[in-house]
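Listed here are the chains, written in short residue letters.
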2 protein chains.
Amino acid sequence: MHPDDRPRGEPVLARAARILQSFTPDEPELSVSEIGRRARLHVATASRLIAALIDEGLLTRTAAGKVRIGMRLWELAQRASPTLGLREAAMPFLEDLHAVIGHHVQLGVLDAGEVLFVERLSARDAVVNVTRIAGRLPLHASSAGLVLLAWAPRDLQEQVLAGPLPRFTPATITTPARLRGVLDGIRRQGHVVAEGQIHADATGVAVPVRDGADPASPVVAGLSVIVPNDGRALSLVPALQAAARGITRRLR
Amino acid sequence: MHPDDRPRGEPVLARAARILQSFTPDEPELSVSEIGRRARLHVATASRLIAALIDEGLLTRTAAGKVRIGMRLWELAQRASPTLGLREAAMPFLEDLHAVIGHHVQLGVLDAGEVLFVERLSARDAVVNVTRIAGRLPLHASSAGLVLLAWAPRDLQEQVLAGPLPRFTPATITTPARLRGVLDGIRRQGHVVAEGQIHADATGVAVPVRDGADPASPVVAGLSVIVPNDGRALSLVPALQAAARGITRRLR
């Protein structure tokens, strides 16, 4: 029997998945003992599984003796990414928006009750922005999230409305009644302008990206830009809507 | 004992890794039996491991009953990507080059004896280009690969020079003597112009990206643009070199 196949009260793959999930963008390199702590595994178990994951190229050992995600894992996740088609369709339009608007442009999808940003072009001197590629934000607090929530399945809407609705700034929507009203407005107007709801100095503007030309086609992503609170946000809606239609056309 | 922990003559993780590697950009969705065939596993074994990987969110089942890479795997590989720092440092400079040159701009790293493209901005109407993000090309045939090879460890250079050197076009470098001469020239001049070596209609221009200001600092990436064969390639070298220096500065 192989050492990593020994029964342990939990399948090998579940333990390996927890090891992979120990890494974060801020701490992409961890020691074996830190991984063991985060993955709730004995050091000996963690050490053995990490060695096996390194053998497969899914993890790699750094010059400093720490461990990080391996190139092979990045490559295979990237190559067959679940959102590759969407990102490839969207990229030229994100680039055009970015060139014209000069601020952060990003594309988010609904995943596990949050918005997951799958693509983003950032500006060096742009207003603050807390997102990054593969970053997540709650649906009620970000412009892309609000757009996704407005057209999300009914039961997810009710679940989010049932709270909690964490506050990021004084402008964050934190009551179900206000959120319900905002979602109604988004469905009526086809866009959202969210000023200072995540960071006091930034306004998010977002529109839905549908997977077909029919106005009732499912919403597959939220397209947003983050600009300063200088009143320009609303004027960007037509450019965003045109880009969203372009992405839809390329998706088909 | 858990079902996926049963001894099988090969560790669970090795089999799981082979399953993950079954997917490609052109075939991101596969049936269980196709995965079993590609991963060289009995259908029953493949089916059980796929179910476990789906439980962990590393794979997902599509509406059509097929299987693909899960959002969680993409997210964790992306978040803690081994090249995240490099890509984040490079992106603004790639965007500037892309805006000015209007053709494909890409960043490749040396991995397992090939160039692995970790970032790329493409142009809708640009000249042909065979690369994509997370795509690979042989070192001897691509401009980014030639730059990486010119400063690669001696034993890797000798291994590539020992061949084989596959031919893509009549212009591909296929003899060790010519490759040796080209690598000498790259080290002397600090750039390469590779015309029609992968596709007859395209020229690649590449420069090295170092991880420090010292000219002897290790080369960590190759920065390249792909343009038509219209004689403009050499004029782009200064813009590429300036961008490479900018990336180096942000890496520090």
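Residues numbered from 1 in each chain as written. Chains lettered and ligands numbered in written order. Predicted model: local features only at pLDDT ≥ 70, side-chain atom pairs only at ≥ 80, totals over all residues. Heavy atoms only, no water.

1. Some points on the sheet that holds strand 3 (residues 104–111) of chain B
Here six strands make up an open sheet; going across it, the order is 5-4-3-8-7-6 (chain B) and the pairing antiparallel. At either end of the open sheet lies a strand with only one pairing partner, and these are strand 5 (136–138) and strand 6 (192–195) of chain B. Taking the axes of each pair of neighbouring strands and ignoring which way they run, one obtains an average angle of 30° across the sheet. In the packing of helix 4 (residues 71–79) of chain A onto the sheet, the strands contacted are strand 3, strand 4 (114–121) and strand 5 of chain B, and the crossing angle to strand 4 of chain B comes to about 50°. (Pairing = 2+ DSSP bridges. Helix = DSSP H or I, 4+ residues; strand = E, 2+ residues; numbered from the N terminus. Axes fitted to C-alpha atoms, helices over the stretch in contact; angles between N-to-C directions. Contact = heavy atoms within 4.5 Å.)

2. Focus: the packing of helix 5 (residues 84–101) of chain A against helix 9 (residues 237–251) of chain A
Residues and elements named next belong to chain A. The contact between helix 5 and helix 9 brings their axes to 9 Å, and the two run at 150°. Taken together, the axis directions place helix 5 and helix 9 in an arrangement best described as roughly antiparallel. Helix-helix and strand crossings are classified by hand; for helix 5 and helix 9 the assignment is right-handed. Across from Gly85, Leu86, Glu88, Ala89, Ala90, Pro92, Phe93 and Leu97 in helix 5, the residues of helix 9 making contact are Ala239, Leu240, Ala243, Gly246, Ile247, Arg249, Arg250 and Leu251. Looking at the contact of helix 5 with helix 9, its residues break down into 11 nonpolar, two polar and three charged. (Parallel < 35°, antiparallel > 145°, perpendicular 65-115°, else oblique. Left-handed = near helix turned anticlockwise from the far one by under 90°. Nonpolar A, V, L, I, M, F, W, Y, C, P; charged D, E, K, R; others polar.)

3. Some thoughts on the environment of Leu49 of chain B
Residues and elements named next belong to chain B. You can see Leu49 is positioned in helix 3 (residues 43–55). Owing to a relative accessible area of 0%, Leu49 belongs among the buried residues under this scheme. Distance in space between the C-alpha atoms of Leu49 and Val12 is 8.3 Å, their sequence separation being 37 residues. (Buried < 20%, exposed > 50% of the residue type's maximum accessible area, 1.4 Å probe, protein only.)

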